[in-house]
Amino acid sequence: MDTVFGLASLTKSFTCAAIMKLAEAGKLSLEDPITKHLPMLEESEQAWLKKITIHHLMTHTSGLPPLNTLDKAMTRKRNQTYTPDYGEMPDDPESLATYEGFVDYLLEQNLSPLTEPGALFSYSNEGYSLLGAIIANVSGQSYESYVIDTIIKPAGLERTSFTAYPDIQYKNSTTCYEKQESTNIVYPVENWWDAPAMRATGFLKSTARDMLHYADLYMNSRYQNTILHKKSSASMVYPHTKMDPFKSYGYGFEVTKDGAGRYMISHGGSLSSISSNFAILPHEKVAAIVLTNLSGFPASRLLQMMLQAFFNENIDVETPKLKQATLSLETMNTYVGNYTSAEGMACTFLINEQGVAEFWFQEEAYPFLFINENTLVAIIDDTNEPVEFLKEAQGNIWALSIFHRILLKKETNLNPQRME
């Protein structure tokens with residue numbers, strides 16, 4: 001209960017809570033354009049950036065495309081004791097070590113928006129890093145100190161910190177493990193990854209006990225009155241935008257129903273040496289947390305099984321239950337193509353020589369079923385992952401959404417031999 005683990009993207013709700021505190025103090029509005037608080041963006045010639053509001057960043061509806069900034073920004077000390085890093089260290093993280101360098105990098109990409117801000121959900125770590133910069137600029141403190149002073153300390157979270165190397169501060173800190181994908185070798189590492197300009201997106205460390213105390217902010221009005229106003233707390237967990245056919249998004253929280261129809265707010269996290277999942281069922285006064293020290297672990301499925309066991313339900317039943325839809329070959333042919341993003345994700349949908357549809361993610365085929373005309377559910381790492389095909393007004397497929405990121409369509413008329 002008291003071992004320190006990385007939270008990864010569970011950090012995002014803390015970032016949004018800090019924004020809400022600034023809004024309560026009258027220092028910003030969620031409808032402010034982000035350029036009001038980020039002068040470097042105000043000077044940009046990319047006009048679409050000036051349409052993005054703080055609300056858009058908080059709900060992942062800014063139009064920012066998925067990027068690999070997080071991989072480029074991460075840094076840590078070289079391991080001295082354990083197995084080498086297999087060349088996984090970024091080339092030049094120093095250029096992204098500050099908010100100024102981070103914003104410069106984004107502007108240098110000369111990005112085109114996926115959609116108009118507010119139109120569509122696409123998960124963006126970069127968007128939350130911009131929220132960190134806004135918090136620092138508006139509060140006059142560092143992002144980290146403002147979150148600690150206004151959220152972490154008042155909530156009584158005694159072992160929650162942004163410290164890059166928590167073993168210095170806490171004796172009971174987990175060992176981090178990583179896996180070399182080409183060999184599947186799992187090895188321990190001495191140090192945690194860090195990304196100073198992107199801490200707002202996923203670099204808090206905490207414990208199971210602290211996170212269960214944190215859950216009280218969204219279940220117990222006694223705590224709400226000491227941290228966030230009741231209206232702010234309700235807005236954090238309000239379904240502001242659709243994520244996929246099963247989930248909506250609030251501010252730093254997913255909003256959904258579990259397999260038994262219970263209202264649930266949650267979030268998952270994944271980073272090198274971290275897989276996490278957090279859920280709050282406020283009506284039942286129940287919270288659950290899974291913290292692990294290896295990326296790629298199916299933390300969401302384990303959390304689901306924990307809740308099923310707690311409510312005396314069958315843990316072997318994946319939820320929600322899916323009903324298969326039947327699509328014509330003509331319809332499926334419109335989905336054929338390669339879909340990619342600058343973040344490094346890649347999908348392929350094809351019809352093989354036997355006339356059977358195949359779905360590939362990161363060069364591996366996965367079983368799937370269509371649940372409606374535009375959506376299939378792939379079984380990836382023992383978890384149901386929705387994949388939505390997105391149509392233009394004319395009816396043409398221009399992208400798909402997987403893991404809540406939008407991947408643009410690149411090719412059509414695929415030959416199945418290309419995947420061999």
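The structure this text deals with has already been given above.
Asker: For this particular structure, what's the right way to read empty space enclosed by the protein?
Answerer: Where empty space is left becomes clear once a probe the size of a water molecule has been rolled over the atoms. Using the criterion set out here, one finds three cavities of 30 Å³ or more in the structure. By volume, the largest cavity amounts to about 60 Å³. Lining the largest cavity are Gly6, Cys176, Trp192, Trp193, Gly202, Phe203, Leu204, Lys205, Leu271, Ser272, Ser273 and Ile274. When grouped by side-chain class, the residues that make up the lining of the largest cavity number seven nonpolar, four polar and one charged. Its boundaries defined by the atoms lining it, the second largest cavity holds a volume of some 40 Å³.

Asker: What is the right way to read a nonpolar patch on the surface from this model?
Answerer: On the surface, Phe297, Leu302 and Met306 cluster together into a nonpolar patch covering about 230 Å² of accessible area. By the secondary structure assignment, methionine 306 is in helix α12 (residues 299-310). Classification of methionine 306 as partly exposed rests on a relative accessible area of 34%.

Asker: Whenever I open this one, unusual backbone geometry confuses me. Can you help?
Answerer: Glycine aside, negative phi is the norm for most residues, and most peptide bonds take the trans geometry. Even without a glycine there, the phi angle at histidine 60 is positive, about 60 degrees. Look at asparagine 110: it is not a glycine, yet its phi comes out positive at around 50 degrees. For asparagine 110, the location among the structural elements is in the loop between α5 (99-108) and α6 (125-139).

Rules of the game
- Residues numbered from 1 in each chain as written.
- Predicted model: local features only at pLDDT ≥ 70, side-chain atom pairs only at ≥ 80, totals over all residues.
- Heavy atoms only, no water.
- 1 Å grid on protein atoms, 1.4 Å probe; cavity = no way out; pocket = protein on both sides within 12 Å on 5 of 7 lines; lining within 4 Å.
- Points joined across faces, edges and corners; volume = space filled by probe spheres on them.
- Nonpolar A, V, L, I, M, F, W, Y, C, P; charged D, E, K, R; others polar.
- Patch = residues over 30% accessible without salt bridge, like charges linked within 9 Å, V, L, I, M, F, W, Y side chains within 5 Å.
- Areas by Shrake-Rupley, 256 points an atom, 1.4 Å probe, with all protein chains shown as cover.
- Salt bridge = Lys/Arg side-chain N within 4 Å of Asp/Glu carboxyl O.
- Helix = DSSP H or I, 4+ residues; strand = E, 2+ residues; numbered from the N terminus.
- Buried < 20%, exposed > 50% of the residue type's maximum accessible area, 1.4 Å probe, protein only.

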